[in-house]
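# What the coordinates show
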Amino acid sequence: MVISNELKPGNYFMYDGNLYVVLDTLHNKTAMAKMVIKLKTKNLRTGAITNLSLSGGEKVEDVRIDKQPMSYLYDDGDSVVFMNQETYEQISISKTRLEEELKFLVADLQVEIVSYEGEVLDINLPAKVALEITHTEPGVSGDTQTRALKDATCETGLLIKVPLFIEQGEKVWVKTEDGSYDSRAN
């Protein structure tokens, strides 16, 4: 058991039969009332972002989450397949569970598989992923003082904004947090 006051972003816990990861916390203490811990959480089974309010000192069940490094192998239609590089064990995860992550998955990408008692819950992507630009309009010289951007489509189908100097066929680093352009990849 863990006390609600001790929960921090990145902590995993079980509450009302649901598994959560803490995204953000806010401790609200007024002079006349009990402390209220407001948590922004992600339900690991449904993917829903929810806000929970717990009273100060309330206990929640601490859970042990397994994290295993794996690499993305291929898409087999309804699911995607990952492999452990040491044991060669392969697992399939339904595409419906990875809607956002699919935009960043390229061959041999190293990810972290999050599981609880053998149940795969989530995957953690690296902070940045190198993606090839498959389509973009040629850059127009001129307006360079305002950091002009243009649309570009990546190999995974992700649509991003890139600077005018980026051409089709180049690889760029894309932030997995928000899907934005970071820099050229060499």
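Placed above this text is the structure.
Described in the following lines is the structure provided in the data block. Just so it is clear, the model here is predicted, and its values are computed rather than measured. (Residues numbered from 1 in each chain as written. Predicted model: local features only at pLDDT ≥ 70, side-chain atom pairs only at ≥ 80, totals over all residues. Heavy atoms only, no water.)

## A few points about the overall build of the protein chain
- Scanning the protein chain from terminus to terminus reveals zero helices and 16 strands.
- Radius of gyration (C-alpha) of the protein chain: 21 Å, far over the 16 Å computed for a compact globule of 186 residues.
- Projecting the C-alpha coordinates of the protein chain onto the three principal axes gives extents of approximately 65 × 45 × 25 Å.
- Sorting the 186 residues of the protein chain into buried and exposed places 35% on the buried side.
- Accessible area of the protein chain: about 11100 Å², with a carbon and sulfur share of 48%. (Helix = DSSP H or I, 4+ residues; strand = E, 2+ residues; numbered from the N terminus. Rg over C-alpha atoms; globule rule 2.2 N^0.38 Å. Buried < 20%, exposed > 50% of the residue type's maximum accessible area, 1.4 Å probe, protein only. Areas by Shrake-Rupley, 256 points an atom, 1.4 Å probe, with all protein chains shown as cover.)

## What about the pattern of salt bridges?
- Enumeration according to the criterion identifies seven salt bridges in this entry.
- Lys 128 is paired through a salt bridge with Asp 182; the nearest N and O atoms lie 3.1 Å apart. Taken together, the positions of Lys 128 in strand β12 (residues 128–136) and Asp 182 in strand β16 (residues 181–184) put the pair 54 residues apart, joining distant regions of the chain.
- Given the relative accessible area of 38%, Lys 128 is considered partly exposed.
- The class for Asp 182 is partly exposed, based on a relative accessible area of 28%. (Salt bridge = Lys/Arg side-chain N within 4 Å of Asp/Glu carboxyl O.)

## Overview of the layout of surface pockets
- Reported here for the largest pocket is a volume of approximately 410 Å³.
- Together, Lys 42, Glu 100, Glu 101, Phe 104, Asp 122, Ile 123, Asn 124, Leu 125, Thr 176, Glu 177, Asp 178 and Gly 179 line the largest pocket.
- Per-element accounting of the lining of the largest pocket gives the leading share, three residues, to strand β11 (residues 119–124).
- Looking at the lining of the largest pocket, its residues break down into three nonpolar, three polar and six charged. (1 Å grid on protein atoms, 1.4 Å probe; cavity = no way out; pocket = protein on both sides within 12 Å on 5 of 7 lines; lining within 4 Å. Points joined across faces, edges and corners; volume = space filled by probe spheres on them. Nonpolar A, V, L, I, M, F, W, Y, C, P; charged D, E, K, R; others polar.)

## Section: the pairing of strand β10 (residues 110–116)
- Within β10, five of the seven residues are buried, which leaves it mostly tucked inside the rest of the structure.
- The pairing of strand β7 (residues 66–75) with β10 spans six bridges and is antiparallel. By the bridge assignment, Asp 66 is partnered in β10 with Ser 115.
- Relative to β11, β10 is paired through five bridges, and the arrangement is antiparallel. Of the residues in β11, the one forming a bridge with Glu 112 is Asn 124.
- As consecutive antiparallel partners, β10 and β11 are separated by two residues, and within that stretch Glu 117 has a phi angle of approximately 50 degrees, a positive value. (Pairing = 2+ DSSP bridges.)

## Overview of the sheet that holds strand β1 (residues 2–3)
- With respect to topology, six strands assemble into an open sheet ordered β1-β6-β2-β3-β4-β5, the strand pairing being antiparallel. Both outer strands of the open sheet, β1 and β5 (49–55), are each paired with one neighbouring strand and no more.

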